[in-house]
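Each chain, written out:
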Amino acid sequence: MRYLVREKLFAIGDDYWIEDDRGHKAFLVDGKVLRLRDTFELKDAAGRVVAVVKEKAFTVRDAMKIENADGDVVATVREKLFTPFRDKYLVELAGGGELKIHGNLIDKDYRIENAHGDDLARISRKWFRVRDTYGVEVADGADAGLLLAVAACVDHLTHED
């Protein structure tokens, strides 16, 4: 499934619908105002919270945490300690393991893969002609909410750099 995502989702108080490739509203990005750090909730079309994304405060390396609806951290997106030119971030899963992010982050042409090297999501600007947007193609059976939240974290962290 492909989703259309607007760049820079973290505009203060901004709400935005992520649409599927048929133009249906799939997830609502609910930007929170009056917070000390960037925060948003990702809600499904029925209004249920799928993920809460928060920028981690007071860290040496840039990082964002992704929580489930109960407030439990499920993943942390952070800068790698040593980074080659392109692969700069990784996703540490709370249940153990990590997801790898490979490709050109600035130009929005990268993929998220599991520890076995299987693609879970591909992110690209090439699929849509809408300005300031990019596509997220999620593999069958993968957690779309988590992968969309990871893509939003990468977008935010690369813009901060």
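A brief report on the enclosed structure follows. The shown structure was predicted, so the numbers you read here are calculated from the model rather than taken from an experiment.

1. Quick notes on the pattern of salt bridges
Side chains bearing opposite charge may pair, as long as their charged atoms lie close to each other.
For step 1, the next point in the chain: Summed over the entire model, instances satisfying the criterion amount to 13 salt bridges.
For step 2, the next point in the chain: The shortest N-O distance in the salt bridge between Arg111 and Asp119 comes to 3.4 Å.
For step 3, the next point in the chain: Accessibility expressed as a relative area gives 33% for Arg111, which makes it partly exposed.
For step 4, the next point in the chain: Taking relative accessible area as the criterion, Asp119 reaches 37% and is therefore assigned partly exposed.

2. Some points on the environment of Ala142
For step 1, the next point in the chain: Inspection of the secondary structure assignment puts Ala142 in the loop between strand E12 (133–138) and helix H1 (144–160).
For step 2, the next point in the chain: Accessibility expressed as a relative area gives 22% for Ala142, which makes it partly exposed.

3. Considerations on the sheet that holds strand E8 (residues 89–93)
For step 1, the next point in the chain: Pairing is antiparallel in the closed barrel, where 12 strands are placed in the order E1-E2-E3-E4-E5-E6-E7-E8-E9-E10-E11-E12. Neighbour to neighbour, the strand axes of the sheet diverge by 20° on average, direction disregarded.
For step 2, the next point in the chain: With five bridges joining them, strand E7 (residues 73–79) and E8 adopt antiparallel strand pairing. Residue pairing in the sheet places Ala75 in a bridge with Leu93 of E8.

4. Some points on the pairing of strand E2 (residues 15–20)
For step 1, the next point in the chain: Side-chain alternation along E2 places Tyr16, Ile18 and Asp20 on a buried face and Asp15, Trp17 and Glu19 on a face that remains uncovered.
For step 2, the next point in the chain: Looking at chain direction, E2 and strand E3 (residues 25–31) are connected through five bridges and run antiparallel. The residue bridging Glu19 from the neighbouring strand is Lys25, located in E3.

5. Overview of the packing of aromatic side chains
For step 1, the next point in the chain: Enumeration over the complete set of coordinates arrives at one aromatic pair.
For step 2, the next point in the chain: Between the aromatic rings of Tyr3 and Phe27, the centroid separation amounts to 5.8 Å while the plane-to-plane angle is 65°, which identifies the pairing as edge-to-face. Of this pair, Tyr3 sits in strand E1 (residues 2–6) while Phe27 sits in strand E3, placing them 24 residues apart in sequence.
For step 3, the next point in the chain: The lysine or arginine in question, Lys108, covers the ring of Tyr134, its NZ or CZ lying 5.6 Å from the ring centre.

Rules behind the numbers
- Residues numbered from 1 in each chain as written.
- Predicted model: local features only at pLDDT ≥ 70, side-chain atom pairs only at ≥ 80, totals over all residues.
- Heavy atoms only, no water.
- Salt bridge = Lys/Arg side-chain N within 4 Å of Asp/Glu carboxyl O.
- Buried < 20%, exposed > 50% of the residue type's maximum accessible area, 1.4 Å probe, protein only.
- Helix = DSSP H or I, 4+ residues; strand = E, 2+ residues; numbered from the N terminus.
- Pairing = 2+ DSSP bridges.
- Axes fitted to C-alpha atoms, helices over the stretch in contact; angles between N-to-C directions.
- Phe/Tyr/Trp six-rings, centres within 6.5 Å; stacked < 30°, edge-to-face > 60°.
- Lys NZ or Arg CZ within 6 Å of the ring centre and 35° of its normal.

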